[in-house]
Amino acid sequence: MKELHVTSVAEEHETTCWGCGSHLLLSSYAPIFKCGWCGAITNQNAKKSENKGFLWRRLLDRCFVCILIIFMLFVICGGVWAAYPIVFSISNYWGIFHSITTVLLSVATASTFILVAFRCAGAPPVIQWGSYRVVGKGRLEDYTFCHYCSKPKSPRTHHCRSCGMCILDMDHHCPFIGNCVGAANHRSFIFFLISAVASTVYVSIISAYAAYHLWPPLKLVTLNISRGSSSILAFNTVKTILFGFLRSAEFLSARGFVLAYLFVSCLSVQIGLSVLLWQQLCYIYQGNTYLSHLSSQGSDAVVQRDCQNIARFFGFSHSALRYLPRFQNPRKRHKK
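Quick notes on the rules
Each chain has its residues counted from 1, following the order in which its sequence is written. Reporting in this predicted model follows two pLDDT cut-offs: at least 70 for local features of residues, and 80 or more for side-chain atom pairs to be given and counted; totals over whole chains, interfaces and linings ignore these cut-offs and use all residues. Side-chain numbers here rest on the full set of heavy atoms in the structure, without hydrogens or water. Only runs of H or I of at least four residues qualify as helices and only runs of E of at least two qualify as strands under DSSP, and these elements are numbered from the N terminus. Buried, partly exposed and exposed residues are distinguished by accessible area as a fraction of the type maximum, computed with a 1.4 Å probe on protein chains only: under 20%, between the cut-offs, and over 50%, respectively. Residue contacts are defined here by distance: any two heavy atoms, one from each residue, within 4.5 Å place the two residues in contact. Each accessible area is a Shrake-Rupley result for a 1.4 Å probe, and residues are judged covered by the shown protein chains and nothing else. Patch members must show over 30% relative accessible area and no salt bridge, and they are joined within 9 Å when carrying like charges or within 5 Å when they are nonpolar side chains of Val, Leu, Ile, Met, Phe, Trp or Tyr. Put simply, a salt bridge is a Lys or Arg side-chain nitrogen that is within 4 Å of an Asp or Glu carboxyl oxygen. Two strands make a pair as long as DSSP finds a minimum of two bridges between them. Centres within 6.5 Å make a pair out of two Phe, Tyr or Trp rings, where for Trp the six-membered ring is used; the pair is then stacked when the planes are under 30 degrees apart, edge-to-face when over 60, and tilted otherwise. Angles here are taken between N-to-C directions and fall from 0 to 180 degrees, while the axes themselves are lines fitted to C-alpha atoms, restricted in helices to the stretch in contact. Our angle categories are set so that under 35 degrees counts as roughly parallel, over 145 as roughly antiparallel, 65 to 115 as roughly perpendicular, and the remainder as oblique. Left-handed describes a crossing whose near helix is turned anticlockwise from the far helix through less than a right angle; right-handed describes the clockwise counterpart.

Caption draft 1: Region of the structure containing the overall build of the chain. Looking only at helices and strands, the chain features eight helices and ten strands. Looking at the 336 residues of the chain, the share that counts as buried comes to 34%. Counting contacts in the chain only where the partners sit at least 6 residues apart, residues at least 24 apart contribute 58% of the total. Total accessible area on the chain stands at roughly 21,600 Å², and carbon and sulfur atoms take up 65% of it.

Quick look at the structure:
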């Protein structure tokens, strides 16, 4: 009696690569696969969904941009109107220095804001795809297909639903500029942050100095220091000074109120912008963007952290890079 040997044959699935149009035969159903010819990655589960709320998001972006423009104009015009009598009362040289500094900071902040807000953040390059004859071997390595734009998307490209397009080297979408931060305007965004931080620091100093000369005399109440602990005494001292400021503010002029508002608002804005600037410089130092930093968390990818990443970002020549220090990543994993 003959023995029967039964072998199982894996079910094969035929599919098509979107990159070169090649017909691929997979041994089993794979929702995500990579073409061996062009290198394109296909995700069969990805489907185009409706971009709901696009107009509403664009409207919100425009509102944030208008608010920021109004605030910048108020800081410039209000600061000049409120501070120039005090500055020129010191000497004409200080007045001229203040005027030149105000013009330079205003032009730098406004010009960089225009560049970053009204310039395309970076459209991905146009590449041929869809036919085996026009796509060379490995020309679409690690490319994916954007179902919103219906075109290839490079590995460092992300689709922004607020802008309605794919952005090359996208860092994030900033509602206050109404635009994405990408390959084309990332450097302008850093320059805008630097100029904005410098402007708010200067306005805070000038407004505090001018308000000090305009503020009415404080009317403080005499404290009884014979009783109570040190903590209670400190609390009463702070309360007395605070109420003294509030009582004297009743006699403050309109110019003084503008200076006080400029100091508080610019101080709070400069703290937020300084944190954002430091975060951006840290990502540039690591050679990442914000989105690439999020996607690389938990992976074993080696991050080359050195000052040359910052130098390359700001466009320094290759000859100047060799004078900058290099730092090895302490968590770098060596392959054995």
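Caption draft 2: Up close: a nonpolar patch on the surface. There is a patch of nonpolar side chains on the surface, built from V80, W81, Y84, F88, I96, I100 and L104 and spanning about 660 Å² of accessible area. Contributing elements (two or more residues each) for the nonpolar patch: α1 (54-90) and α2 (92-117). Counting residues per element, the nonpolar patch draws most heavily on α1, which supplies four residues. By secondary structure assignment, the location of W81 is in helix α1. Owing to a relative accessible area of 40%, W81 belongs among the partly exposed residues under this scheme.

Caption draft 3: Fine view of the pairing of strand β2 (residues 23-26). Only one face of β2 is covered, namely the face carrying L24 and L26; the face carrying H23 and L25 is uncovered. Strand direction decides the pairing type here: strand β1 (residues 13-16) and β2, joined by four bridges, are antiparallel. What sits directly across from T16, in β2, is H23. Here β1 folds back onto β2 in antiparallel fashion, the turn holding six residues, of which G21 has a positive phi close to 75 degrees.

Caption draft 4: Highlighting the packing of aromatic side chains. This structure, assessed with the given rule, holds eleven aromatic pairs. Measuring from ring centre to ring centre gives 5.4 Å for W18 and F145, while their planes differ by 50 degrees; the resulting arrangement is tilted. Taken together, the residues W18 in the loop between β1 and β2 and F145 in strand β5 (residues 144-146) connect sequence positions 127 residues apart. Note on F145: relative accessible area 22%, which makes it partly exposed. Judged by centre distance (5.9 Å) and plane angle (50 degrees), the rings of Y283 and Y290 are tilted.

Caption draft 5: Seen up close, the packing of α1 against helix α3 (residues 186-214). Their axes nearest at 9 Å, the elements α1 and α3 cross at an angle of 40 degrees. Viewed along their axes, α1 and α3 adopt a mutual orientation that is oblique. The two elements α1 and α3 cross, and the hand of that crossing is left-handed. Judged by residue contacts, L68, V75, A83, I86, V87 and I90 of α1 engage F192, V203, I206, Y209, A210, H213 and L214 from α3.

Caption draft 6: Spotlight on the pairing of strand β7 (residues 157-160). Relative to strand β8 (residues 165-168), β7 is paired through four bridges, and the arrangement is antiparallel. Looking across to β8, one finds that H159 is bridged to C166. Where β7 folds back onto β8 in an antiparallel hairpin, the turn is made up of four residues, including G164, whose phi is positive at roughly 75 degrees.

Caption draft 7: Structural view of the pattern of salt bridges. In the structure shown here, the tally under the stated rule is three salt bridges. For K34, the salt bridge identified is with E141, shortest N-O distance 2.5 Å. With K34 in strand β3 (residues 32-34) and E141 in the loop between α2 and β5, this pair connects stretches of sequence that are 107 residues apart. On the basis of relative accessible area, E141 is assigned to the partly exposed category, the value being 37%. Here D169 and R156 are joined by a salt bridge, their closest N and O atoms 2.6 Å apart. Here D169, found in the loop between β8 and β9 (172-174), pairs with R156, found in the loop between β6 (151-153) and β7; they are 13 residues apart in sequence, far enough to count as distant. By sharing partners, the salt bridges in this structure join K34, E141 and D142 into a single network.

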